[in-house]
Number of protein chains: 2
Amino acid sequence: MVTSTRASRSLPWRSATAIPVRDARPWQAERNTTTRRIPLAKPAPTVPWGDFRPKAFVGEVVPFRITAFREGHDLIGVQLRLTSPTGDVSLHRLRSLADGFDRWETSVTLLEQGLWHFRFEAFADDFATWEHAAGLKIAAGVDTALMRETGARLFDRAAAERSRPAAQRRALKAAAERLRDPGTDDAAALEIVHDESISSYFHERPLTALMTLGDEHDLLVERERAGVGAWYEFFPRSEGARRLKDGTIKSGTFRTAAKRLPAVAGMGFQVLYLPPIHPIGTLNRKGRNNTLDPRPEDPGSPWAIGSAAGGHDAVHPDLGTLADFRAFVRAARAEGIEVALDLALQAAPDHPWVKEHPEWFTTLPDGSIAYAENPPKKYQDIYPINFDNDPDGIRAEVLRIVRHWIAQGVKVFRVDNPHTKPLQFWEWLISTVNAENPDVVFLAEAFTRPAPLQSLAAAGFQQSYTYFTWRNTKTELEEFLDGLAHETADFLRPNLFVNTPDILTEYLQFGGRPAYRIRAAIAATAAPTYGVYAGYELYENVARPGSEENIDNEKYEYKLRDWEGAVDRGDSLAPFLTRLNEIRREHPALRQLRNLSIHWSDDDAILVYAKHLDAALAPDGRSDTVIVVVNTDPHSVRETMVHLDTSVWGVPPGDTYEVEDLLTGARWHWADHNYVRLDAFTEPVHILHVKEPR
Amino acid sequence: MVTSTRASRSLPWRSATAIPVRDARPWQAERNTTTRRIPLAKPAPTVPWGDFRPKAFVGEVVPFRITAFREGHDLIGVQLRLTSPTGDVSLHRLRSLADGFDRWETSVTLLEQGLWHFRFEAFADDFATWEHAAGLKIAAGVDTALMRETGARLFDRAAAERSRPAAQRRALKAAAERLRDPGTDDAAALEIVHDESISSYFHERPLTALMTLGDEHDLLVERERAGVGAWYEFFPRSEGARRLKDGTIKSGTFRTAAKRLPAVAGMGFQVLYLPPIHPIGTLNRKGRNNTLDPRPEDPGSPWAIGSAAGGHDAVHPDLGTLADFRAFVRAARAEGIEVALDLALQAAPDHPWVKEHPEWFTTLPDGSIAYAENPPKKYQDIYPINFDNDPDGIRAEVLRIVRHWIAQGVKVFRVDNPHTKPLQFWEWLISTVNAENPDVVFLAEAFTRPAPLQSLAAAGFQQSYTYFTWRNTKTELEEFLDGLAHETADFLRPNLFVNTPDILTEYLQFGGRPAYRIRAAIAATAAPTYGVYAGYELYENVARPGSEENIDNEKYEYKLRDWEGAVDRGDSLAPFLTRLNEIRREHPALRQLRNLSIHWSDDDAILVYAKHLDAALAPDGRSDTVIVVVNTDPHSVRETMVHLDTSVWGVPPGDTYEVEDLLTGARWHWADHNYVRLDAFTEPVHILHVKEPR
């Protein structure tokens, strides 16, 4: 049943709804109207922020939707014409959602990276119209002869199509004869109307009339890591740092940090993000806890980039050489880990740019250069860039820097504060870099209002930090996760970092160890990309008073941590994170974004969601369903009923099925209403795999 | 403060936010990005159904909205550049809605019919940025000298603009000197920062940088009657019909029907819609109550159009001649009433088309022509048109018919069942007719699903019947009215008919006389266009059993009614309808669509909404506010508190103001929380006018 224009290799998509490709019928003349013969409106995927391309990633299941309807009572069919980047064309039949809003849908797994094109096509479905009318009218004894002859003519028309298999043509011809045979009574004719094999012939190869072609749209499919990955963040200067006899600390290096790579890989992380690795400014350097009076041995914030030792293209001398960095990248790759660098477009006062290109900054009336500020607050270790004085010069320099790091083996960039730079600049940079190298991924640290956050994603960022850390209650999470999966997924891919060097939420500060398990479990299962900043596994939860960030913030000092000791003492979350990442690897449903459905519980803290992948869309041809039930209150034991729409995973209401808790191995028989007890202190979450009936 | 490029006549708009027109600064080079320097997204008014133009009507207050934001902390300004059909250009400053979503808005009353163009323009507002920073920093003693000099330079820049009034330039120059004067202490400098007159200079004529021009959009402004009107519907054959001695009824004529025009005008109705006035088919004619066995004297349904006496361009001989019809139209016009005709594109079996153009119908395999049907139901008095066999021929014929009636003085058409004809056809017909005559108004009787209903409006219909008759509870009406005013108003104008010959809802059947008052009051006040089908004022509420239409439906027979006797007996709703139409005439807020706000009550049946018009946008320069409080339960007396957001009409929370009930003349002092008692049987609704403080 599945065919395509290209024969002799594997297909670039998976779909349950593929239909044979035929040449499109000639397009009805348009007569200067915007409307076409069969109206098609509100196509998806789409981007609501200007004229941008929607996005997907290799292996993503993408729902394609359109509003299509026809005047009067006659029925229509709708199909999707997909063209892969290498020119493979396929057709996929949409199903009516029958929601009263004339929406149609089909889902396709896209397997080829690059720019796809898609178009919706609608047509009068003469067979379906007849099937509906004949079913009613022959049963009612109205116009039976007419209905039989009308059907016979449709069967004749289909039987005459040489593209149909010979057996099908013979069957259609015989059915036409039977419909016309006066010896066939109406009851027998009605059986032909409802004959499922005949109906399937027409569903696969519809007899189309009034074929209407929609506009062609683009869909950019990026590599899998743009959409799927478990991230870990560490400061390389802390990894292998050690205290000297004089009490000061000797910086870790790329070489010492590389020793921790096997542990990071062992936990199952796939991307390792390093805060800026460049020389750190000495002028106005910040001391511990963001103080203005550093001690000589304080290393400063890595985001205060640039000193006499170099700028954005240089490596901090304490970390080693550029060759050391390349070796680190290679060592990571050997462990299956990609290294992500920080791209923070700002300068310490002693960055080489300041002397060479003062025009890249804002000069004040008193001749000084403007510091970063949020009036009346000032950040005296950082000069922000002024993108308007010499836009061409800045663009060329940033492109040079990005190319430089790509040349060192880096293909993932975490962009610091992109919302403080022009959106136009990012659109240009990302499209320029991706034109040279489509594998490069940019993650936007856009902790800002929804409009700029979403616009940055729409304009090209492959991933975005989100408001996840500030969505902690059941109702907040329901709305937030549903929005990620169903409102913004066409252009915004969330990276659910559970913490960052800047963010230690009150939930983590005051939620104890359960809070750490709860948040990690949600992040790892609700979205295909999530991240953890080192120290999370040690439950580091003491904030600088009055702030939402860690006390003794690693941004301003080295952190010496005893990773292995914590594991040995049973004081580490690492085994739990390791298991979460294993579960993610074993369950393809968790590596999708748009397949999340919210379910219900009677408790105001028990959050329930499921992720389901249909067999026809799955990599191994087997369906996969994971149900997550979380107690979002880290301080209590909760008992409640959960209520599931089991039809999402194909189980009729009331039927039972077996589930296995992937964390504990416990197995239960579940139905649509189930009892749960979640003890925040011992077992705050169930991650349940729905076992397929054997 | 208000100027425009055209000097010597009245302006084609009203606005509280107009600013002087200056030449736009050169547009920043685009560098091949979709994003411009300051992102502009999600403009409104807009149409979500394909590439159609949003609509407004002459005198309509249109909110223009855009999402605009800038990177970082600097402030922006946004303005709307409006170009009227005759080329008058005006600029209107938008205000930030400060809703966290970076939405900006301004409202303008559009007074000129034709195609307007609008564009949003955003710019860095250097004064506003300085005002914000200087206010904080000088107060905090940070960078005071720098802030003062920065401000002085801005004032110098503005003072150098020759377009500013001389007095303003002098004041700015003096302020710059004071800021620079060491004798001015920081407290005095802070006063300059917060000086409202200086701030107003910059608000009126902002110092702009990074000026970014959005795309140009169209907005079609149609004549007032496209959006505002009180409609009445009667069957001319019933008006002046009389019973003969043999018991049969002699048809009314245009001449006898004209005698009722003064009464219709006296009730305050402005549009009189006539069901089809053409010859009625004799083949398969329907009898009383839609029966298949008519008596010889049964007149048949006017929608079964066409007989030997002619088709869609002819007048039913019983009604008179074409000249009689023209006289009727003239007589109506003399009463201030416009006549609307029905456009029902279908044919009785004896319509001349059937012989002359069998290709305009669907011929079945048995050689017969297909009746209209909804399988297994059949409508044997009607052949539907097949628009695909000879689209050009049908288009030419329909255009000929429409032009024919326009030539008789008709400019309003109520289109029967437009959703059973191709959307493409309507877009073509309406745009073709309006290109010749932009005053022609088409009302869509699209009782169908939301997608086709909204698409027909988007594709050109000036007005639409809606789901109003089926929205009867408080919560249904809240959602429905809010949607009309705030979701679809850019392209869909509702005509809230309270009943039709096809619709007698259960609410009216079983709600008694209170139901008739309640529904009329809501229809007349919630939307600027509403309608009443004759008989409503007589509380005709007996349905054909099992149906939602009147028994002895006027579609199939003459109705003899005693209008005046009912009034004399106190059995007519006409006086109430008359008062509603007076209130509509006196209150311009009621002649707007988008100015509705939903308010609250503690009772599950008491619906509360208000319509407000700002003084600057009103025709007489005076603000107008009407609060409607309705008991939607026609069977009970309700007492409750209503809760109002009085800021909508400019009253601070807690302040009192006087209201007058426009139905009873009662006056009360109201605040934001008020007691009401609504007795469905005597006084189911308050229509309260907010008195302006003298």
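Structure: see above.
Notes on the structure in this doc start here. Sequence positions are assigned chain by chain, starting from 1 and proceeding in written order. Working convention: letters from A go to chains and numbers from 1 go to ligands, in the order in which they are written. For this predicted model, a pLDDT threshold of at least 70 governs which residues receive local features, and a threshold of 80 or more governs which side-chain atom pairs are given and counted, while totals over whole chains, interfaces and linings are taken from all residues. Derived side-chain values reflect all non-hydrogen atoms in the structure, with water molecules and hydrogen atoms excluded from consideration.

### Considerations on the overall build of chain A
No. 1: For the purposes of this entry, the term helix denotes a DSSP run of H or I that reaches at least four residues, the term strand denotes a run of E that reaches at least two, and both are numbered from the N terminus. Along chain A, the regular secondary structure elements total 18 helices and 35 strands.
No. 2: Principal axes of the C-alpha set define a box for chain A whose edges measure 105 × 60 × 45 Å.
No. 3: Three labels apply to residues, based on accessible area from a 1.4 Å probe with only protein chains included: buried if under 20% of the type maximum, exposed if over 50%, partly exposed otherwise in between. Buried residues in chain A amount to 61% of all 694 residues.
No. 4: The criterion used for residue contact is that any of the two residues' heavy atoms lie within 4.5 Å. Sequence-distant contacts in chain A: of pairs separated by 6 or more residues, those separated by 24 or more amount to 75%.
No. 5: To be clear on the numbers: accessible area is Shrake-Rupley with a 1.4 Å probe, and residue cover counts the displayed protein chains and nothing else. For chain A, the accessible surface area stands at approximately 26,400 Å², while carbon and sulfur atoms represent 51% of it.

### Considerations on the nonpolar core
No. 1: Throughout, nonpolar core names a set of buried Ala, Val, Leu, Ile, Met, Phe, Trp, Tyr and Cys residues whose side chains join them through atoms within 4.5 Å. Residues Phe325(A), Leu429(A) and Phe442(A) are the most contacted members of the largest nonpolar core, which totals 129 residues.
No. 2: Here the element with the most residues in this core is helix 16 (residues 512-526) of chain A; it accounts for nine residues.
No. 3: Those residues in contact with Phe442(A) that lie beyond four places of it in its chain are Leu343(A), Val402(A), Phe413(A), Val415(A), Leu429(A), Ile430(A), Val433(A), Phe461(A), Gln462(A) and Gln463(A).
No. 4: Within the second largest apolar cluster, 128 residues are counted, among which are Ala41(A), Ala347(B), Leu484(B) and Phe497(B).

### As for the relation of the copies chain A and chain B
What connects the two chain copies is a rotation about an axis and a shift along it.
No. 1: Least-squares fitting of one copy onto the other uses the C-alpha atoms of those residues that reach a pLDDT of at least 70 in both copies. At an RMSD of 0.0 Å, chain A and chain B line up after a rotation of 180° and a shift of 0.0 Å along the axis. These values place the two chain copies in the arrangement generated by a two-fold rotation axis. Among all residues of chain A, the one whose C-alpha sits closest to the rotation axis is Pro48(A), at a distance of 5.5 Å.
No. 2: By residue overlap, the copies meet face to face through one surface: 100% of the interface positions of chain A are interface positions in chain B.

### Thoughts on the sheet that holds strand 31 (residues 637-643) of chain B
Residue and element names in this part refer to chain B.
No. 1: On the basis of which strands lie adjacent, the open sheet formed by three strands has the order 28-31-34 and antiparallel pairing. Since the sheet does not close on itself, it has two edges, and those belong to strand 28 (600-601) and strand 34 (673-679), each with one partner.
No. 2: If DSSP finds at least two bridges between two strands, the strands pair. Here two bridges tie strand 28 to strand 31, and the two strands are oriented antiparallel to one another. The residue of strand 31 that forms the bridge with Ser-601 is Val-642.

### A look at the sheet that holds strand 28 (residues 600-601) of chain A
All names here are of chain A.
No. 1: Taking strand neighbours across the sheet as the criterion, the three strands line up as 28-31-34 in an open arrangement whose pairing is antiparallel. Both edges of this open sheet fall to strand 28 and strand 34 (673-679), since each of them pairs with a single strand only.
No. 2: Where strand 31 (residues 637-643) lies against strand 34, seven bridges are found, and the strand directions are antiparallel. Bridge pairing in strand 34 links Arg-638 to Leu-678.

### So, the interface of chain A and chain B
No. 1: Between chain A and chain B, the contact holds 62 residues from the first and 62 residues from the second.
No. 2: The rule for a salt bridge is simple: a side-chain nitrogen of Lys or Arg has to be within 4 Å of a carboxyl oxygen of Asp or Glu. With a closest N to O distance of 2.8 Å, Asp102(B) and Arg449(A) form a salt bridge.
No. 3: Any pair of nitrogen or oxygen atoms within 3.5 Å is treated as a polar contact; in protein, a donor-acceptor pairing is required on top of that, and neighbouring residues in sequence qualify only through side-chain atoms on both sides. Between chain A and chain B we count 14 residue pairs in polar contact (both at pLDDT 80 or more) in total.
No. 4: Counting only elements with at least two residues in the side of chain A that touches chain B, the list comes to strand 3 (40-44), helix 1 (126-140), helix 2 (144-159), strand 19 (372-374), helix 11 (391-407), helix 12 (423-436) and helix 13 (450-458) of chain A.
No. 5: Along the lines of polarity and charge, the residues of the side of chain A that touches chain B split into 26 nonpolar, 14 polar and 22 charged. In the scheme used here, Gly and all other residues not listed as nonpolar or charged are polar, with Ala, Val, Leu, Ile, Met, Phe, Trp, Tyr, Cys and Pro taken as nonpolar and Asp, Glu, Lys and Arg as charged.

### Thoughts on the pattern of salt bridges
Residues and elements named next belong to chain B.
No. 1: Counted under the stated rule, the structure contains 110 salt bridges over all chains.
No. 2: Measuring nitrogen to oxygen at the nearest pair gives 3.7 Å for the salt bridge that ties Arg-95 to Glu-105. Of this pair, Arg-95 sits in strand 8 (residues 95-96) while Glu-105 sits in strand 9 (residues 103-110), placing them ten residues apart in sequence.

### Focus: the side chain of His419(A)
No. 1: For His419(A), the position within the fold is in the loop between strand 22 (412-415) and helix 12.
No. 2: Judged by relative accessible area, His419(A) falls into the buried class, the value being 16%.

### Considering helix 12 of chain A
Residue and element names in this part refer to chain A.
No. 1: Helices are assigned an expected span. That span is 1.5 Å times one less than the residue count. For helix 12, built from 14 residues, the straight-helix expectation of 20 Å at 1.5 Å per residue is met to within 8% by its first-to-last C-alpha distance of 20 Å.
No. 2: Across the 14 residues of helix 12, eleven count as buried, placing the element largely inside the fold.
No. 3: If you follow the buried residues of helix 12, they end up packed against strand 12 (217-222), strand 17 (338-343), helix 11, strand 22, strand 23 (441-444) and helix 13.

### Regarding the packing of aromatic side chains
No. 1: Pairs were defined over the aromatic rings of Phe, Tyr and Trp, the Trp ring being its six-membered one, requiring ring centres within 6.5 Å. Orientation was assigned from the angle between planes: stacked under 30 degrees, edge-to-face over 60, tilted for the rest. In total, this model carries 66 aromatic pairs over all chains according to the counting rule given.
No. 2: Here Tyr465(A) and Phe497(A) contribute two aromatic rings whose centre-to-centre distance is 5.3 Å and whose plane-to-plane angle is 10°, an arrangement assigned as stacked. Of this pair, Tyr465(A) sits in the loop between strand 24 (463-464) and helix 14 (474-486) while Phe497(A) sits in strand 25 (residues 496-497), and the two are 32 residues apart along the sequence. For the pair shown, Tyr465(A) and Phe497(A) are each scored as buried.
No. 3: Relative to Phe442(B), the ring of Phe413(B) has its centre 5.6 Å away and its plane inclined at 20°; by these criteria the two rings are stacked. Of this pair, Phe413(B) sits in strand 22 (residues 412-415) while Phe442(B) sits in strand 23 (residues 441-444), and the two are 29 residues apart along the sequence. Judged on exposure class, the residue Phe413(B) and its partner Phe442(B) are both buried.
No. 4: Chaining the aromatic ring pairs together yields one cluster made of Tyr232(A), Phe234(A), Phe254(A), Phe269(A), Phe325(A), Phe328(A), Trp405(A) and Tyr530(A).
No. 5: Definition used: whenever NZ (Lys) or CZ (Arg) falls within 6 Å of the ring centre and also within 35 degrees of the ring normal, the charge is taken to sit over that ring. The aromatic ring of Tyr558(A) is capped on one face by Arg237(A), whose charged end is 5.6 Å from the ring centroid.
No. 6: Positioned over the ring face of Trp303(B) is Lys555(B), at 5.8 Å from the centre of the ring.

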